[in-house]
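Residue-level structure breakdown
In case you want the letters, here they are:
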Amino acid sequence: MKLSKKKIKICVLGLGYVGLPLALKLSKKFKVIGFDINSKRINQLKTGFDITSEVTAHDLRKKKISYTNNSKEIKRCNFFIITVPTPVKKNKNPDLSYLRLASKLVSKNLKKNDVVVYESTTYPGCTEEICVPILKKHSNLRYNKEFFCGYSPERVNPGDKKRKLNQINKIVSASNKKTLAQISQIYNKSIKSKIIKVKSIKIAEGAKIIEN
């Protein structure tokens, strides 16, 4: 499945220390919408201010990204990357509320042949056991036939100015081989780091857990 750069419209959901730098890299090659439910965050980014200090005001101004907290605006996208936080609760279990919310939001804008990639830190099985059912339920689309998924664990260390996105190997996985090629192509066009393909989403999720 070879992609035309003109046809790809990407939405990055969650514009924190992971999502924002990624959105900026992607915007060099593709049309990108940066989505965050925090309206204050969106307004800050529009004025060139990043509270996380991961990117400079200069970087924000020179990149062509449309920032929004209006979920209706992401309907025109066909490639979704979810980078929302997954904090740990007091009982040591992961808080998946942001992940569930983002999945539901995307599902209501999902169309045939769209791709959803998760970068949020999760446990092996989470993507296909928790997130995919939400996408299926609210989109009425069939998984791996009418929409497709992938997982690429974020590996950014907040505040590290030496090893940023371009200096960290990128693990990618997908629900089938064609989607893996598609996801790899998009990341490869946007970032300079080595792209490492793995055989399944669970393997990629496990790699992140081991690293943590």
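Each residue is numbered by its place in its chain's sequence as written, counting from 1. In keeping with the predicted nature of the model, local features appear solely for residues at pLDDT of at least 70, side-chain atom pairs appear and are counted solely at 80 or more, and the whole-chain, interface and lining totals rest on all residues. Heavy atoms throughout the structure, all of them, feed into the side-chain values; hydrogens and water do not.

For the rest of this paragraph, the subject is the overall build of the chain. Note on conventions: DSSP H or I runs of at least 4 residues are helices, E runs of at least 2 residues are strands, and numbering of each starts at the N terminus. When helices and strands are counted, the chain shows 7 helices and 8 strands. Only protein chains enter the accessibility calculation, which uses a 1.4 Å probe; a residue whose area is less than 20% of its type maximum is buried, one above 50% is exposed, and one in between is partly exposed. Relative to its 212 residues, the chain shows a buried fraction of 51%. Note on contacts: a residue pair qualifies if any of its non-hydrogen atoms lie within 4.5 Å across the two residues. Residue pairs in contact within the chain that sit at least 24 positions apart in sequence constitute 71% of those at least 6 positions apart. Split by element, the accessible area of the chain, about 11000 Å² in all, is 51% carbon and sulfur. Working definition of accessibility: Shrake-Rupley area with a 1.4 Å probe, residue cover restricted to the visible protein chains.

In this section: the packing of aromatic side chains. Two rings belonging to Phe, Tyr or Trp (six-membered ring only in the last case) form a pair when the distance between their centres is within 6.5 Å. Interplanar angles under 30 degrees mark stacking, angles over 60 mark edge-to-face geometry, and anything in between is tilted. According to the stated counting rule, one finds 1 aromatic pair in the structure shown. Here Tyr143 and Phe147 contribute two aromatic rings whose centre-to-centre distance is 5.5 Å and whose plane-to-plane angle is 45 degrees, an arrangement assigned as tilted. Only when the NZ of Lys or the CZ of Arg is both within 6 Å of the ring centre and within 35 degrees of the ring normal is a charge said to sit over the ring. In this arrangement the basic side chain of Lys170 is found over the ring face of Tyr187, its NZ or CZ atom lying 5.0 Å from the centre.

To continue, consider the pairing of strand β2 (residues 31-35). Of all 5 residues making up β2, 4 are buried, and the element is well covered by its neighbours. Following DSSP output, two strands are said to pair if at least two bridges run between them. Where strand β1 (residues 9-13) and β2 come together, 5 bridges link them in parallel fashion. When the sheet's bridge partners are listed, Leu13 is paired in β2 with Phe35. Here a crossover is taken to be right-handed if, once the strands point away from the viewer, the path from the first strand over the helix to the second is traced clockwise. As for the winding sense of the linkage, the β-α-β connection from β1 through helix α1 (residues 19-26) to β2 is right-handed. Inspection of the sheet shows β2 paired to strand β3 (residues 65-68) by 4 bridges, in the parallel sense. If you follow Phe35 over to β3, its bridge partner there is Thr68.

Attention now moves to a positive patch on the surface. Residues enter patches when they are more than 30% accessible in relative terms and free of salt bridges; like-charged ones are connected within 9 Å and nonpolar ones (Val, Leu, Ile, Met, Phe, Trp, Tyr) within 5 Å. Any carboxyl oxygen of Asp or Glu that lies within 4 Å of a side-chain nitrogen of Lys or Arg is treated as forming a salt bridge with it. The charge count includes Lys and Arg as positive and Asp and Glu as negative, but it does not include His or the ends of the chains. The location of each charge is read from NZ of Lys, CZ of Arg, CG of Asp or CD of Glu. A surface patch of positive charge is lined by Lys28, Lys29, Lys189 and Lys192. Considering the arrangement of structural elements, one finds Lys29 in the loop between α1 and β2.

The next thing to look at is the side chain of Glu146. Assignment of secondary structure puts Glu146 in the loop between α5 (126-139) and β6 (147-151). Taking relative accessible area as the criterion, Glu146 reaches 12% and is therefore assigned buried.

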